[in-house]
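This is what each chain is made of:
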Amino acid sequence: MVDIVKAKDEALRAQTEVKVLSEKCTSLGKELNAAKIQLGNVDVDLSDQEKIQSITTELNTLKEELICANQKVDDYRTMAKNSENVLNESTKVNDAYKKDVTAEIETLKQKLETALRDATERQEALE
């Protein structure tokens, strides 16, 4: 049960990370597009080109991080689902075992009552 909660928490954290990275990618993409538009309209010095290259590199890095974060989300979802399936299967096995043991206890109680009744009848017959 704890594994399910941990996996769901990790999935939630990973989803939050995905959201943050997506927002960063969008923001950097906008900055990159704005910079490319400026390059087309104005002579750009070397520092602006370096800035554009830096933004492009950062955007690519964030895209890779986003892919990894999405994979984590999928992995945690899978872990949570698998843990739920194991828990459900364990519950079914436990319930079946409990049912069998309860039935066996009832059978033994009935046999005990019969044996006690027979013993009481024999004791009365001897008296």
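Residues numbered from 1 in each chain as written. Predicted model: local features only at pLDDT ≥ 70, side-chain atom pairs only at ≥ 80, totals over all residues. Heavy atoms only, no water.

Just checking my understanding: could you explain the overall build of the chain for this structure?
From N to C terminus, the chain includes two helices and zero strands. For the chain, the proportion of contacts with a sequence separation of at least 24, taken over those separated by at least 6, is 88%. (Helix = DSSP H or I, 4+ residues; strand = E, 2+ residues; numbered from the N terminus. Contact = heavy atoms within 4.5 Å.)

Where do I start with a negative patch on the surface in this structure?
On the surface, D118, E121, E124 and E127 cluster together to form a negatively charged patch. Checked against the element boundaries, E121 lands in helix α2 (residues 46–126). (Patch = residues over 30% accessible without salt bridge, like charges linked within 9 Å, V, L, I, M, F, W, Y side chains within 5 Å. Areas by Shrake-Rupley, 256 points an atom, 1.4 Å probe, with all protein chains shown as cover. Salt bridge = Lys/Arg side-chain N within 4 Å of Asp/Glu carboxyl O. Lys, Arg positive; Asp, Glu negative; His and termini not counted. Charge placed at Lys NZ, Arg CZ, Asp CG, Glu CD.)

Sorry, what's going on with the environment of E84 here?
If you trace the backbone, E84 turns up in helix α2. Residue E84 is classed as partly exposed on the basis of its relative accessible area of 25%. In the structure, E84 is positioned 79 residues away from V5 in sequence and 9.9 Å away in space, judged by C-alpha atoms. Among all residues touching E84, those that are not within four sequence positions of it are I4 and K8. (Buried < 20%, exposed > 50% of the residue type's maximum accessible area, 1.4 Å probe, protein only.)

Can you help me understand the environment of A35 in this one?
Here A35 is to be found in helix α1 (residues 2–41). When its relative accessible area of 12% is taken as the criterion, A35 is described as buried. Sequence separation between A35 and K51 is 16 residues, and the spatial gap between their C-alpha atoms is 8.7 Å.

Would you mind showing me how to read the pattern of salt bridges here?
Between side chains of opposite charge, pairing is possible as soon as their charged atoms come close. This model, assessed by the stated rule, comprises one salt bridge. Residue E106 pairs with K109 through a salt bridge whose shortest N-O separation is 3.9 Å. Of this pair, E106 and K109 both sit in helix α2, three residues apart, roughly one helical turn. By relative accessible area, which is 38% here, E106 ends up partly exposed. A residue is classified by how much of its surface remains accessible, and K109, at 44% relative accessible area, is partly exposed.

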